[in-house]
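Breakdown of the fold
The primary structure of each chain is shown beneath.
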Amino acid sequence: MPASFLKPALRGFEPYMPGEQPPDGEGWVKLNTNEAPWPPSPRVLEAVRAAVDDSLRLYPSPTAAPARAALARMCGVEPEMVALGNGGDELIAMCVRAFAGAGERVAWPWPTYPLYDPVVRMHEALPSPHAMDEGFSIPRSFFEDEAPLKFLCNPNSPTGTWQPGAVVAEAARTARGVLVVDEAYVDFAPESREDLLAAHANLVLLRTLSKSGALAGMRIGYALAQPEVIQSLDLVKDSYNLDRLAVVAAAAAADDVMYRRDLVEYVLDARGRLGGDLAALGFEVLPSATNFLFVRPPPGHPAAEVYARLRERRILVRHYHREPIDGWFRITIGTPEQHQALLAALQEILS
Ligand SMILES: Cc1ncc(COP(=O)(O)O)c(C=O)c1O
């Protein structure tokens, strides 16, 4: 298509580049996109298999009602406080559609999830990033920004850092409009901010079943907020944004509390051990409240080079060629075998 047909606002637009997804079954050690180290729960797989039948001829529930009910039960809220998205990514776009007009600012501390920027531009709103300092704390200017929509990723990606409740409460209290706390990784963090929902009518908690739910391939995200905000999100969703199999998977995953709890326990334990092993190799390892580690290789070993040499060995981690995180890379917590392969390769690369 000639570029001239593209609307002027999108000329020179740089889309979000997801982490590399090599074809299945090629034996890569894939530690780059923060997927779960375990398969989906057997109950979820069973439910999805059972749902592959003639009913796929019919459209799904437009509100993904069974999934909404199960997620509400899981979170201890009413279904009116839950919105569903085709992944958390669609909910991010829905927030921009619902709460930021063309030409209005959308703010976030930077570095953070790189998807916010292109989604905001796509909707002709204005990105308003606020640079974090050396220790990746939230700058004052973020709280002072009068944007009608703000994103605060907590725990943050790619840094893995976590802001305590007082910081999130201040962000909600001082926001002129909606504050979206992106809690994609919250199950690996000390606590979620559900406690703030009752007192803050402008707060949205954004979650996903891609991480602790081991369902990245099904694309299921959900948001928690007071009913009025949820109605605004539902206004701008696609008609049937979760397909029938996703609705079934979401409901089954929400109900399988034990499997999720065991998976999270494994990740926290493996995260501690991998962090220790990387520190012993000379890496700087940021404290993590997520299912990944953000690490800086020892002096004399640029992160871009270590990333490339791991990739030659078919080991994928995530490196961003952007300041101020160019010197770091992100490693998803994987299986013990994947960690062994990673550590052996790093030993070789650094020697
Ligand atoms: C910070 C953050 N928010 C939201 C998401 C959205 O996840 P999904 O679209 O898989 O639900 C991700 C995915 O990696 C993420 O890292």
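In short, a report on the structure. (Residues numbered from 1 in each chain as written. Predicted model: local features only at pLDDT ≥ 70, side-chain atom pairs only at ≥ 80, totals over all residues. Heavy atoms only, no water.)

**A look at the overall build of the protein**
- Of regular secondary structure, the protein possesses 11 helices and 12 strands.
- The C-alpha atoms of the protein give a radius of gyration of 20 Å, which matches the 20 Å a tight globule of 351 residues would have.
- By principal-axis analysis of the C-alpha atoms, the protein measures approximately 55 × 50 × 50 Å.
- Put simply, the protein has 351 residues, and 53% of those count as buried. (Helix = DSSP H or I, 4+ residues; strand = E, 2+ residues; numbered from the N terminus. Rg over C-alpha atoms; globule rule 2.2 N^0.38 Å. Buried < 20%, exposed > 50% of the residue type's maximum accessible area, 1.4 Å probe, protein only.)

**Some points on the pattern of salt bridges**
- The tally for this structure, following the rule as stated, stands at 18 salt bridges.
- The residue K30 makes a salt bridge to E35 at a minimum N-O spacing of 2.9 Å.
- Here the residues in one salt-bridge network are E183, E194 and R207, joined through shared partners. (Salt bridge = Lys/Arg side-chain N within 4 Å of Asp/Glu carboxyl O.)

**So, the environment of L45**
- Mapped onto the elements of the fold, L45 is located in helix 1 (residues 42–51).
- For the pair L45 and A253, spaced 208 residues apart in the sequence, the C-alpha separation amounts to 9.4 Å.

**A closer look at the site of the ligand**
- The environment of the ligand is made up of G87, G88, D89, Y113, C153, D182, A184, Y185, T208, S210, K211 and R219.
- Within the contact set of the ligand, an oxygen atom lies 3.0 Å away from a backbone nitrogen or oxygen of D89.
- Its free accessible area being 390 Å², the ligand has 92% of it covered by the protein chains.
- Across the shell around the ligand, the residue classes break down as four nonpolar, four polar and four charged. (Near = heavy atom within 4 Å. Polar contact = N/O pair within 3.5 Å; in protein donor to acceptor, adjacent residues only side chain to side chain. Areas by Shrake-Rupley, 256 points an atom, 1.4 Å probe, with all protein chains shown as cover. Nonpolar A, V, L, I, M, F, W, Y, C, P; charged D, E, K, R; others polar.)

**What about the nonpolar core?**
- The biggest cluster of nonpolar side chains holds 49 residues, and the ones touching the most others in it are V82, L84, L179, L209, I220, Y222 and L224.
- Examining the composition of this core, we find that eight residues originate from one element, helix 8 (residues 244–255), more than from any other.
- Built from parts of two domains, this core gets at least three residues from each of domain 1 (18–39 + 258–350) and domain 2 (42–255).
- Setting aside chain neighbours within four positions, we find Y222 in contact with L71, M74, C75, V82, A83, L84, L91, L205, L206, R207, T208 and L209.
- Within the second largest apolar cluster, 33 residues are counted, among which are F188, L293, V295 and I315. (Core = buried A, V, L, I, M, F, W, Y, C linked by side-chain atoms within 4.5 Å. Domains from an automatic or database assignment. Contact = heavy atoms within 4.5 Å.)

**Observations concerning unusual backbone geometry**
- W110 connects to P111 through a cis peptide bond whose omega is 5°.
- Tracing the backbone through its elements, the reader meets P111 in the loop between strand 3 (105–110) and helix 4 (116–122).
- Residue P324 is reached from E323 by a cis peptide bond, and omega for that bond is 5°.
- Positive phi, close to 55°, is recorded for N34, a residue that is not glycine.
- Its identity is not glycine, yet R314 carries a phi of approximately 60°, on the positive side.
- In this fold, R314 is placed in the loop between helix 10 (303–312) and strand 11 (315–316).

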